[in-house]
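Residue-level listing of the chains:
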Amino acid sequence: MNTTKSYLLIALMAVLSTSLAYAQPQEPEDPLKEFKQPPLPAEKIIGEVTDEIYLGNVYIVFSKNRRGIYTEEEKQVNNVRDRSDSELIESLLEKAKKLYGGKYPNFSLRNYKSSLRYDYVGGDGPIKGECKWYCNYSANVVVFDPTDKEYLSKLIEKAMKNVPQDSRVSIDQIEVISGINENNYKDYLIELLLDKGYKVVAKEFMQRLYEEQKQQQTGVYNEETTVQENNFSAVGYYVNIRMTEKGLRMQIVNVSTGEYEGNASINY
């Protein structure tokens, strides 16, 4: 690049940096914070949306001074229109809705980013300089994944802090939100309970023992299937878990007394 064009580009950049700085007011942080932050632990990335928008250009004509140096600005046209983060995010949301909204209606955006770029165009006498400005912006598309084991593990620790390890528990009730497979989620729960040292008994087995105990109390029962203390009273707790769009709740019920031994919730 020759000296004249070098000077022209420096002058253009000085003008553009001033105009763009003036054109970009600070956006309030709170309304857009959720889109700029990384995915939450219970969210999984299902895709990415990107786009580019033309902002406009800055066009400058220079002329020579008495010494023959191009220093005097004759004309400047600046039609760069800035776009706020709110506008760009709204555009990405619309794009993500078309791509993912059918299958994932409750998607959200994370890791929103935007950056400016320009294409420089020079010319000859009279010297012309033009910069076409663009904005590139993108975000990850995420969906809530309530099966995330980190959340479920923390919930178990909170709800069962008063339940001794090696206790026998049975999963009584599970409520999940739409789109989550209840059986798969039950498998996650059983796996974590076993990993934490609890003995998990099938609910069907618990019900059979309960019915047999009632028969024993009436004096009519099969001696071969008598419910012993070590195979019923030791099965001490029912586990109930409820999932919502905002969090998880777990309740632990003492089978013998019907009292709640634990009642905890955790928000995503």
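Residues numbered from 1 in each chain as written. Predicted model: local features only at pLDDT ≥ 70, side-chain atom pairs only at ≥ 80, totals over all residues. Heavy atoms only, no water.

Take the overall build of the chain next. Helix and strand content of the chain: six helices and nine strands. Across the 268 residues in the chain, those meeting the buried criterion constitute 38%. When contacts within the chain are restricted to residue pairs at least 6 apart in sequence, those whose partners lie at least 24 apart make up 68%. Total accessible area computed for the chain in this model is approximately 16000 Å², and 46% of it derives from carbon and sulfur atoms. (Helix = DSSP H or I, 4+ residues; strand = E, 2+ residues; numbered from the N terminus. Buried < 20%, exposed > 50% of the residue type's maximum accessible area, 1.4 Å probe, protein only. Contact = heavy atoms within 4.5 Å. Areas by Shrake-Rupley, 256 points an atom, 1.4 Å probe, with all protein chains shown as cover.)

Space inside the largest pocket adds up to approximately 570 Å³. As for the largest pocket, its lining consists of 26 residues, and the residues nearest its centre are V143, F144, P146, I177 and I180. For the lining of the largest pocket, the secondary-structure elements that each account for two or more residues are β1 (43-64), β3 (108-122), β4 (128-144) and α5 (182-195). Take the lining of the largest pocket: its biggest share by element is three residues, from β4. Across the lining of the largest pocket, the residue classes tally to twelve nonpolar, seven polar and seven charged. (1 Å grid on protein atoms, 1.4 Å probe; cavity = no way out; pocket = protein on both sides within 12 Å on 5 of 7 lines; lining within 4 Å. Points joined across faces, edges and corners; volume = space filled by probe spheres on them. Nonpolar A, V, L, I, M, F, W, Y, C, P; charged D, E, K, R; others polar.)

It is worth spelling out the confidence of the model for the chain at this point. Across the chain, pLDDT averages 78, with 68% of residues at or above 70. For the chain, the element scoring lowest by mean pLDDT is helix α1 (residues 3-23), at 53; helix α3 (residues 85-100) scores highest, at 95. (pLDDT = per-residue confidence, 0-100.)

Moving on to the packing of aromatic side chains. The description of an aromatic ring pair rests on the distance of the ring centres and on the angle between the ring planes. Tallying each qualifying case throughout the model produces two aromatic pairs. Measuring from centroid to centroid gives 5.3 Å for Y54 and Y134, while their planes differ by 50°, and the two rings are tilted. Within this pair, whereas Y54 is found in strand β1, its partner Y134 is found in strand β4, the two being separated by 80 residues in sequence. Centroid distance Y118 to W133: 5.1 Å. Interplanar angle 40°. Geometry classified as tilted. Residue Y118 is found in strand β3, and its partner W133 is found in strand β4; the two are separated by 15 residues along the sequence. Assessed through its relative accessible area of 33%, Y118 is described here as partly exposed. For W133, a relative accessible area of 7% gives the class buried. (Phe/Tyr/Trp six-rings, centres within 6.5 Å; stacked < 30°, edge-to-face > 60°.)

Membership of the largest hydrophobic core comes to 26 residues, with the highest contact counts inside it found for M160, L189 and M250. Ranked by the residues each element gives to this core, the list is headed by helix α4 (residues 149-159), at five residues. With sequence-adjacent residues up to four places away left out, M160 is seen in contact with V169, L193, Y198 and I252. Judged by nonpolar contacts, the second largest core, of 23 residues, contains I89, A96, C131 and C135. (Core = buried A, V, L, I, M, F, W, Y, C linked by side-chain atoms within 4.5 Å.)

Turning next to the packing of α4 against α5. For the pair α4 and α5, interaxial distance at closest approach is 10 Å and the crossing angle is 55°. For the element pair α4 / α5, the angle class is oblique. Handedness of the crossing formed by α4 with α5: right-handed. The segment α4 lies against α5, with K149, L152, S153 and I156 engaging Y185, Y188, L189, E191, L192 and L193. In terms of residue class, the contact of α4 with α5 is made up of seven nonpolar, one polar and two charged. (Axes fitted to C-alpha atoms, helices over the stretch in contact; angles between N-to-C directions. Parallel < 35°, antiparallel > 145°, perpendicular 65-115°, else oblique. Left-handed = near helix turned anticlockwise from the far one by under 90°.)

Phi is positive for N111, close to 60°, though the residue is something other than glycine. Judged by its relative accessible area of 19%, N111 is buried. Positive phi, close to 80°, is recorded for D166, a residue that is not glycine. Take D166: it is sitting in the loop between α4 and β5 (168-175).

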